[in-house]
Amino acid sequence: MKYEIVFYRSGQTAGIQQLTEKILSDLDFTITNASAAGDPKELGSCVSSALKRNRLIIVAGCIDDSPQSTEKLVSGFLKPAGSKKESISMQLIKKDRDRAYYIKSGNQMILILPDSAESISALSEEIRKAAALIFSIELKKQSEPDMKNIASSLDSKLADRSRIKVLPSGSNAEKSNERKLKKMKLIIIMLLILGALELGAAAALFFLNGGRIF
């Protein structure tokens, strides 16, 4: 089964991606895409697009009880427009002080994780149990991810071409790339015009001198 990650203002994208792959590996989940959102609007767009492609979507971002906390933003996106009642059933995944959330909608699951590889590691077994329950997968025994080993191998993993690259949401990244492309095109056009002018001036001097170079 395929899944993808949406990072929301996350500072640990590489570590979290690697950790989720390890946690879900024996459940036969394969990551297909990773994107990043910088504001609530971009987050809503990324989650909406991801729901059209996969049954499991992981959203990694800050969980801090504020109105902008990731789980509150995501549940707000899924709530029907104009509905006054809370129609989204969100489940808590908790171990000591670490917590995550998940939402089941039809045959899909949105797993909302904190922006902390350490917290996700502490919750790894609970995360696996929740995913196995939602998708009716037999849960196999798995050792807890070793954060020290993950940290030591992170550099090599970052260099691995097979790793899914995190793609920024379009509103900021695409506009920036478009501006750079336009500037490059203008520079090339100006250089071509200058070259044509120099060639024309040289031709004019050649004919004025009666075809003589000197």
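A quick note: this is a predicted structure, and the numbers were derived from the prediction, not measured.

**Q** Got a minute to help me understand the nonpolar core in this structure?
**A** One finds Tyr 3, Leu 24, Leu 56, Met 109 and Leu 111 to be the most contacted residues of the largest nonpolar core, which totals 29 residues. Of all the elements in the fold, those that place two or more residues in this core are β1 (2-8), α1 (13-24), β2 (30-37), β3 (56-61), β5 (98-105), β6 (108-114), α4 (117-122) and α5 (124-134). Excluding anything up to four places from it in sequence, Tyr 3 contacts Thr 20, Glu 21, Leu 24, Phe 29, Thr 30, Ile 31, Thr 32, Asn 33, Asn 54, Leu 56 and Ile 58. Grouped together as the second largest cluster of nonpolar side chains are 17 residues, Val 47, Leu 73, Val 74 and Ile 110 included.

**Q** Honestly, the side chain of Arg 99 in this entry has me stumped. Any pointers?
**A** Checked against the element boundaries, Arg 99 lands in strand β5. Separated by 2.9 Å, the side chains of Arg 99 and Asp 65 make a polar contact. At 2.8 Å, the side chain of Arg 99 forms a polar contact with the side chain of Tyr 101. In contact with Arg 99, other than residues within four places in its own chain, are Ile 63, Asp 64, Asp 65, Leu 92, Ile 93, Lys 94, Pro 114 and Leu 123.

**Q** It is not clear to me how a nonpolar patch on the surface should be interpreted in this structure. Could you clarify?
**A** A cluster of nonpolar side chains, contributed by Ile 187, Ile 189, Met 190, Leu 191, Ile 193, Leu 194 and Leu 197, occupies part of the molecular surface with about 700 Å² of accessible area. Inspection of the secondary structure assignment puts Ile 189 in helix α7 (residues 170-208).

**Q** How should the packing of aromatic side chains be read in this particular structure?
**A** Each pair of aromatic rings is reported with the distance of its centres and the angle of its planes. Counted under the stated rule, the structure contains two aromatic pairs. Note on Tyr 3 and Phe 29: the rings are 6.3 Å apart at their centroids and 80° apart in plane angle, and the pair reads as edge-to-face. Taken together, the residues span a long stretch of sequence, with Tyr 3 in strand β1 and Phe 29 in the loop between α1 and β2 at a distance of 26 residues. Assessed through its relative accessible area of 6%, Phe 29 is described here as buried. Look at Phe 29 and Phe 135: their rings are 5.6 Å apart centre to centre, the planes differ by 65°, and that puts the pair in the edge-to-face class.

**Q** How do you make sense of the pattern of salt bridges when you look at a structure like this?
**A** Tallying each qualifying case throughout the model produces four salt bridges. Two residues, Arg 128 and Glu 125, come together in a salt bridge whose shortest N-O distance is 2.9 Å. Of this pair, Arg 128 and Glu 125 are both found in helix α5, three residues apart, which corresponds to roughly one turn of the helix. Judged by relative accessible area, which is 0%, Arg 128 ranks as buried. Under the relative-accessibility criterion, Glu 125 is labelled partly exposed at 26%. Shared partners join several salt bridges into a network, and the residues in it are Asp 26, Glu 125 and Arg 128.

**Q** Before we go on, may I ask you to explain the side chain of Thr 70 in this structure?
**A** Considering the arrangement of structural elements, one finds Thr 70 in helix α3 (residues 70-78). Here Thr 70 falls in the buried class, since its relative accessible area comes to 0%. Among all residues touching Thr 70, those that are not within four sequence positions of it are Tyr 8, Val 59, Gly 61, Cys 62 and Ile 112.

**Q** Sorry, what's going on with the pairing of β2 here?
**A** Side-chain direction in a regular strand flips from residue to residue, so the side chains alternate between the two faces of the sheet. In terms of strand pairing, β1 meets β2 through seven bridges, oriented parallel. From the neighbouring strand, Phe 7 faces β2, where its bridge partner is Ala 36. Handedness of the β1-α1-β2 crossover: right-handed.

**Q** Any chance you could explain α5 here in plain terms?
**A** An α-helix turns once per 3.6 residues; consequently, residues spaced three or four apart project the same way. Where α5 is concerned, the buried positions are Ser 124, Ile 127, Arg 128, Ala 130, Ala 131, Ala 132 and Ile 134. Phi turns positive, to about 55°, at Ser 136, one or two residues after α5.

Here is what the cut-offs are and how they apply
- Residues numbered from 1 in each chain as written.
- Predicted model: local features only at pLDDT ≥ 70, side-chain atom pairs only at ≥ 80, totals over all residues.
- Heavy atoms only, no water.
- Core = buried A, V, L, I, M, F, W, Y, C linked by side-chain atoms within 4.5 Å.
- Buried < 20%, exposed > 50% of the residue type's maximum accessible area, 1.4 Å probe, protein only.
- Helix = DSSP H or I, 4+ residues; strand = E, 2+ residues; numbered from the N terminus.
- Contact = heavy atoms within 4.5 Å.
- Polar contact = N/O pair within 3.5 Å; in protein donor to acceptor, adjacent residues only side chain to side chain.
- Patch = residues over 30% accessible without salt bridge, like charges linked within 9 Å, V, L, I, M, F, W, Y side chains within 5 Å.
- Areas by Shrake-Rupley, 256 points an atom, 1.4 Å probe, with all protein chains shown as cover.
- Salt bridge = Lys/Arg side-chain N within 4 Å of Asp/Glu carboxyl O.
- Phe/Tyr/Trp six-rings, centres within 6.5 Å; stacked < 30°, edge-to-face > 60°.
- Pairing = 2+ DSSP bridges.
- Right-handed = clockwise from strand over helix to strand, strands pointing away.

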